[in-house]
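# Summary of the model geometry
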Amino acid sequence: MVRLKHRYIIAQVVPSSSVRILTKQTYSSREIQTILREKIQELYGDVGLGEFGQATYVRYLDAKYTNIFVVKTTRDAQSKVHFALSCIGELSGSPVCLRSLSINSCQRTCMQNLRQVIGLHFDHADMMSESELKAGRETVEKNLTTLEPVSYTHLRAHETGR
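Residues numbered from 1 in each chain as written. Predicted model: local features only at pLDDT ≥ 70, side-chain atom pairs only at ≥ 80, totals over all residues. Heavy atoms only, no water.

### Description of the nonpolar core
The criterion, for reference: Residues grouped as a nonpolar core are buried Ala, Val, Leu, Ile, Met, Phe, Trp, Tyr and Cys residues, joined through side-chain atoms within 4.5 Å. To sort residues, take the accessible area from a 1.4 Å probe on protein chains only and compare it with the maximum for the residue type: under 20% means buried, over 50% means exposed, and anything in between is partly exposed. Strands are runs of DSSP state E lasting at least 2 residues, helices are runs of H or I lasting at least 4, and numbering of each runs from the N terminus.
In this structure, Val13, Leu36, Phe69, Val71, Val81 and Leu85 are the most contacted members of the largest nonpolar core, which totals 20 residues. Among the secondary structure elements, those contributing two or more residues to this core are strand 1 (6-15), helix 2 (29-53), strand 3 (68-74), helix 3 (78-87) and strand 5 (94-104). With five residues, helix 2 is the single largest residue contributor to this core.

And the structure:
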């Protein structure tokens, strides 16, 4: 059995300054994933999309507070997906820049780096009240549990009904 190695790219949607002033734009993971797949197809054609397009997906998104998301992809496709992310210039009809913050080789390291990046984001949030900061931190921490790694033994226990 060959083990497929993954990479986790932590990135952030940064809206252009004109959009940032007018309104707080929210994005869905499906939108980001669709745009990413379209960009992969544009850059690498149908072969590129077939090769690593289906194995690449948005694993986590905090659209309400930080616009930080995690893309899970294969190790072989990591550099091409990273390039495709940097080529995206529009999301939901608004001009944006997708800034890559970190590339991780395991889920545990990804969680550590994600907590650190989100913590820095909240530490430098000037336009939020204390109650909004507290609520934001709690919500994000709760949502991060969706990324927690689960052991193989735990999964087998669910399959066997134990």
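### So, the environment of Gln41
Going by this rule: Residue contacts follow a heavy-atom distance rule, with two residues in contact if any of their heavy atoms lie within 4.5 Å.
Considering the arrangement of structural elements, one finds Gln41 in helix 2. Here the alpha-carbon distance between Gln41 and Ala84, two residues 43 residues apart in the chain, equals 9.5 Å. Residues within four places of Gln41 in sequence aside, it is in contact with Asp46 and Leu49.

### Some remarks on the packing of aromatic side chains
Aromatic rings considered in pairs are described by the distance between their centres and by the relative angle of their planes. In plain terms, the rule: Two rings from Phe, Tyr or Trp (for Trp, the six-membered ring) form a pair when their centres sit within 6.5 Å of each other. Planes less than 30 degrees apart are called stacked, planes more than 60 degrees apart edge-to-face, and all others tilted. As a reminder, the over-ring test applies to NZ of lysine and CZ of arginine, requiring each to be within 6 Å of the ring centre and within 35 degrees of the ring normal.
Scanning the entire structure with this criterion turns up zero aromatic pairs. Of note, Lys80 hangs over the ring of Tyr44, and the distance from its end group to the ring centre comes to 5.6 Å.

### A look at the sheet that holds strand 1
Strand-to-strand pairing in sheets goes through backbone hydrogen bonds, with the strands running parallel or antiparallel. Our working definition: Pairing between strands requires that DSSP locate at least two bridges from one strand to the other. Every axis in this analysis is a line fitted to C-alpha atoms, fitted for helices over the stretch in contact. Angles between the N-to-C directions lie between 0 and 180 degrees.
Ordered in space as 2-3-1-5-4, the five strands form an open sheet in which the pairing is antiparallel. Bordering the open sheet on either side are strand 2 (57-62) and strand 4 (90-91), each of which pairs with just one other strand. Where strand 1 and strand 3 come together, seven bridges link them in antiparallel fashion. Bridge pairing in strand 3 links Gln12 to Ile68. With respect to the sheet, helix 3 is in contact with strand 1, strand 3 and strand 5, its orientation differing from that of strand 3 by roughly 145 degrees.

### Side note on the pairing of strand 3
The side chains of a regular strand alternate, residue by residue, between the two faces of the sheet. The buried count for strand 3 comes to seven of seven residues, which makes it a mostly enclosed element. Of the two faces of strand 3, the one lined by Ile68, Val70, Lys72 and Thr74 and the one lined by Phe69, Val71 and Thr73 are each fully buried. Looking at chain direction, strand 2 and strand 3 are connected through five bridges and run antiparallel. By the bridge assignment, Tyr60 is partnered in strand 3 with Val70. Here strand 2 folds back onto strand 3, and the loop between the two strands holds five residues, one of which, Asn67, carries a positive phi near 60 degrees.

### Observations concerning the environment of Asp76
Structurally, the position occupied by Asp76 is in the loop between strand 3 and helix 3. A C-alpha to C-alpha distance of 8.4 Å links Asp76 and Lys5, two positions 71 residues apart in sequence.

### Description of the pairing of strand 1
Of all the 10 residues making up strand 1, eight are buried; the element is thus mostly covered by neighbouring parts of the structure. Both strand 1 and strand 5 contribute to a ladder of eight bridges, which runs antiparallel. Counted as the bridge partner of Ala11 is Ser100 from strand 5.

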